[in-house]
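So the chains spell out like this:
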Amino acid sequence: MHKWMLSLVAVGVLSACGVDGEPVQPSLNAGVSVSNSGVHTRGGVGLNKGPLGIYLGF
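All values derive from a computational prediction rather than experimental measurement.

Asks: Tell me about the pairing of strand 2 (residues 38-49), residues and numbers included.
Replies: Here strand 1 (residues 27-35) pairs with strand 2 via 9 bridges, running antiparallel. In the sheet register, Gly31 faces strand 2, and the bridge partner there is Arg42. What sits between the antiparallel neighbours strand 1 and strand 2 is a turn of 2 residues.

Okay, here's the thing in structure tokens:
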């Protein structure tokens, strides 16, 4: 399961560095929430180029 996530991140990094054209600025989301059931973390990475957007959250 982690191999496909690593592959998506690798593709995102290659796209963001401009290997296939103009570089794309990635976005990063992170957060921590505290409730009666405990502490929960969340985060995600996204790329947008024109009408196409990719977002990977965890």
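Anyway, onward from the coordinates.
Asks: Run through a nonpolar patch on the surface, naming residues and quoting values.
Replies: Taken together, the side chains of Val32, Val34 and Val39 define a hydrophobic patch exposed on the protein surface, amounting to about 320 Å² of accessible area. Structurally, the position occupied by Val39 is in strand 2.

Asks: Describe the environment of Val32, naming the residues involved and giving the relevant values.
Replies: One can find Val32 in strand 1. For the pair Val32 and Arg42, spaced 10 residues apart in sequence, the C-alpha to C-alpha distance is 6.4 Å. If sequence neighbours within four positions are ignored, Val32 has contacts with Val39, His40, Thr41 and Arg42.

The rules behind each value
- Residues numbered from 1 in each chain as written.
- Predicted model: local features only at pLDDT ≥ 70, side-chain atom pairs only at ≥ 80, totals over all residues.
- Heavy atoms only, no water.
- Pairing = 2+ DSSP bridges.
- Helix = DSSP H or I, 4+ residues; strand = E, 2+ residues; numbered from the N terminus.
- Patch = residues over 30% accessible without salt bridge, like charges linked within 9 Å, V, L, I, M, F, W, Y side chains within 5 Å.
- Areas by Shrake-Rupley, 256 points an atom, 1.4 Å probe, with all protein chains shown as cover.
- Salt bridge = Lys/Arg side-chain N within 4 Å of Asp/Glu carboxyl O.
- Contact = heavy atoms within 4.5 Å.

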